[in-house]
Number of protein chains: 2
Amino acid sequence: MDNQEKQSKEQLILAAAEQEFLTKGYDGARTTSIAQAAGVTHAMLHYYFRTKEQLFERIVDDKFATMSHSMVAIIGDPSLPIVERIKGGIAAHFDFIAANPLLPRFVINEIVSRPERYEVLYKRAGFVVNSVYNSLQAEVDSAAERGEIERVDVKMLFISIMSLNIFTFVAYPFMEPIMGELMANREQFLAERKAENIETILRRIKKQ
Amino acid sequence: MDNQEKQSKEQLILAAAEQEFLTKGYDGARTTSIAQAAGVTHAMLHYYFRTKEQLFERIVDDKFATMSHSMVAIIGDPSLPIVERIKGGIAAHFDFIAANPLLPRFVINEIVSRPERYEVLYKRAGFVVNSVYNSLQAEVDSAAERGEIERVDVKMLFISIMSLNIFTFVAYPFMEPIMGELMANREQFLAERKAENIETILRRIKKQ
DNA sequence: CTTTGTCCTAACAAAATTGTTAAACAGTAT
DNA sequence: ATACTGTTTAACAATTTTGTTAGGACAAAG
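About the criteria used
Residues numbered from 1 in each chain as written. Chains lettered and ligands numbered in written order. Predicted model: local features only at pLDDT ≥ 70, side-chain atom pairs only at ≥ 80, totals over all residues. Heavy atoms only, no water. Least-squares fit on C-alpha atoms with pLDDT ≥ 70 in both. Contact = heavy atoms within 4.5 Å. Buried area = accessible area lost by both parts, 1.4 Å probe. Salt bridge = Lys/Arg side-chain N within 4 Å of Asp/Glu carboxyl O. Axes fitted to C-alpha atoms, helices over the stretch in contact; angles between N-to-C directions. Helix = DSSP H or I, 4+ residues; strand = E, 2+ residues; numbered from the N terminus. Left-handed = near helix turned anticlockwise from the far one by under 90°. Nonpolar A, V, L, I, M, F, W, Y, C, P; charged D, E, K, R; others polar. Buried < 20%, exposed > 50% of the residue type's maximum accessible area, 1.4 Å probe, protein only. Near = heavy atom within 4 Å. Polar contact = N/O pair within 3.5 Å; in protein donor to acceptor, adjacent residues only side chain to side chain.

This paragraph deals with the relation of the copies chain A and chain B. Each copy superposes on the other: chain A lies on chain B with an RMSD of 0.0 Å after a rotation of 180° and an axial shift of 0.0 Å. The two molecules are tied by a two-fold rotation axis, judged by turn and shift. Comparing contact sets, 100% of the residues at the interface of chain A also lie at the interface in chain B, consistent with an isologous, same-surface contact.

The next thing to look at is the interface of chain A and chain B. Listed per partner, the contact involves 49 residues of chain A and 49 residues of chain B. Summed over both partners, the interface of chain A with chain B comes to about 4900 Å²; 67% of that surface belongs to carbon and sulfur atoms. Three residues stand out in chain A for area buried against chain B, namely Met156, Phe174 and Arg203 of chain A, and they jointly supply 15% of the buried area on that side. Run the count over chain A and chain B and you get four salt bridges. One salt bridge in this structure joins glutamate 150 of chain A and arginine 203 of chain B, with 3.2 Å as the shortest N-O distance.

Right, let's get into the packing of helix H5 (residues 82–99) of chain B against helix H8 (residues 154–170) of chain B. Residues and elements named next belong to chain B. In the contact formed by H5 and H8, the axes pass within 10 Å of each other and the chain directions differ by 35°. In this structure, H5 crosses over H8, and the sense of that crossing is right-handed. Of the residues in H8, those in contact with Ile86, Ile90, His93, Phe94, Ile97 and Ala98 of H5 are Leu157, Ile161, Met162, Asn165, Ile166, Thr168 and Phe169. Looking at side-chain class alone, the contact of H5 with H8 contains 10 nonpolar, three polar and no charged residues.

Its place among the elements puts valine 170 of chain A in helix H8 (residues 154–170). Valine 170 of chain A sits in the buried class, given a relative accessible area of 11%. As for valine 170 of chain A and valine 132 of chain A, which are separated by 38 residues in sequence, their C-alpha atoms are 26 Å apart. Sequence-distant contacts of valine 170 of chain A, that is, excluding residues within four places in its chain, are made with Pro104 and Arg105 of chain A together with Ile108 of chain B.

Before going further, it helps to spend a moment on the side chain of serine 70 of chain B. Residue and element names in this part refer to chain B. Within the secondary structure, serine 70 sits in helix H4 (residues 52–73). For serine 70, a relative accessible area of 0% puts it in the buried group. Sequence-distant contacts of serine 70, that is, excluding residues within four places in its chain, are made with His93, Phe96 and Ile97.

DNA strand D sits among 15 residues. The nearest are Tyr47 and Tyr48 of chain A together with Arg30, Thr31 and Lys52 of chain B. Here the atoms of DNA strand D within 4 Å of the protein split so that 63% fall in sugar or phosphate, with bases taking the remainder. Here a phosphate oxygen of DNA strand D sits 2.7 Å away from a polar atom, N or O, in the side chain of threonine 31 of chain B. Here a base oxygen of DNA strand D sits 3.0 Å away from a polar atom, N or O, in the side chain of histidine 42 of chain B. Secondary structure elements with two or more residues in the surface near DNA strand D: helix H3 (42–49) of chain A together with helix H2 (31–38) and helix H3 (42–49) of chain B. For the surface near DNA strand D, the residue count by class is six nonpolar, six polar and three charged.

On to the side chain of threonine 200 of chain A, then. Structurally, threonine 200 of chain A is set in helix H10 (residues 186–205). Apart from the residues lying within four places of it in its own chain, the contact partners of threonine 200 of chain A are Leu164 of chain A together with Ser160, Thr200 and Arg204 of chain B.

Attention shifts here to the environment of glutamine 11 of chain B. Residues and elements named next belong to chain B. Mapped onto the secondary structure, glutamine 11 falls in helix H1 (residues 9–28). Relative accessible area serves as the criterion here: at 43%, glutamine 11 is assigned to the partly exposed category. Sequence separation between glutamine 11 and alanine 38 is 27 residues, and the spatial gap between their C-alpha atoms is 8.8 Å.

Okay, structure coming up:
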């Protein structure tokens, strides 16, 4: 009958924990409230995950992986011409964040509150980013040589794209009440915003 | 001697509380740790502010006011020609956030975690924003008629400016370790970033 | 010198939150 | 049936965190 019965208690707890941690953060989350949302006693949570800390780690690992996938999406399809590629990259990144709107705020908050914990993770990430963007910069440079686009710093462009796309969702609850009709219809606003972000970046790289 | 002696205990507690709440949020903050940072017993904190909640409200009120000042800065100097005005508005907003780098994340987190608390505040803010931007939109429209700039939606432009400026600081701890040399020198990076944000927006409104 | 009010401390109390344990239970293999 | 396994519950324990209180020190005012 009830299709929650199909999922194991462990799955139920993980799902409830994800929701709780993403919205309230580690400090704001309560193991009892996670257990309640999952429909189990809080002893079960300790039975499966031992401590709040370990349950949290499970969520964090998943979310950090998802976040890095989202960033990879910006790179776009290398087989396309540079402008189309960037266009597609922005759209893919935007859609990715739209599907995981709570993700960036969670990841950023976590890194701010416990930076030391992610140093190791970061050594790798920095290395990957650097090699990827060296080749991307070369591609942009050669397109600039051919006069197709303006010469730009790829890392700066990358930061701008993330800014425009991520802020839309991170600040949504902050902006929505003060923006009136513009944001009244969420679907429509997000579509407009995606187009606006693409337009903004394309104009940034357009040869003039 | 010690110039901390000059400040009242109340001031010391407020300063310590501001630091603690801005970095760790309400849930992560500990009244004992605030008291310790202020160099007083935690009973003093309750003596002056009764509860953690009331101490927090003092900080929140101050920070929300500061945040709204920062947003007003974007409006710029009405006596300048439109492009100069926008340029100045972006720079002023950027500098404001640079001087209060922890502010946006704090305000956004607070609104996300307790939206109901700020409904009243928001009724007003939405009203003010609307009237300000109606007149601003009219000004932009007339500049567009004269062919000085592209026709743009002022609210969308406003969101883009906030995105570019605020993300720089909100995500700084997240980006810094993966961006290598680009962000090695904070002062230099921020100067470059400010210029980049202005360039990005100016190109967005440039007639083409 | 006493009174009054503010500031302050140390110890205590209360509440919330996380974590543990012993025993019950359900299913499965022997 | 019996023993064995992993799962579940209810009650309890420990810890952390917030909040209280009784009283002392001290300065200003009468």
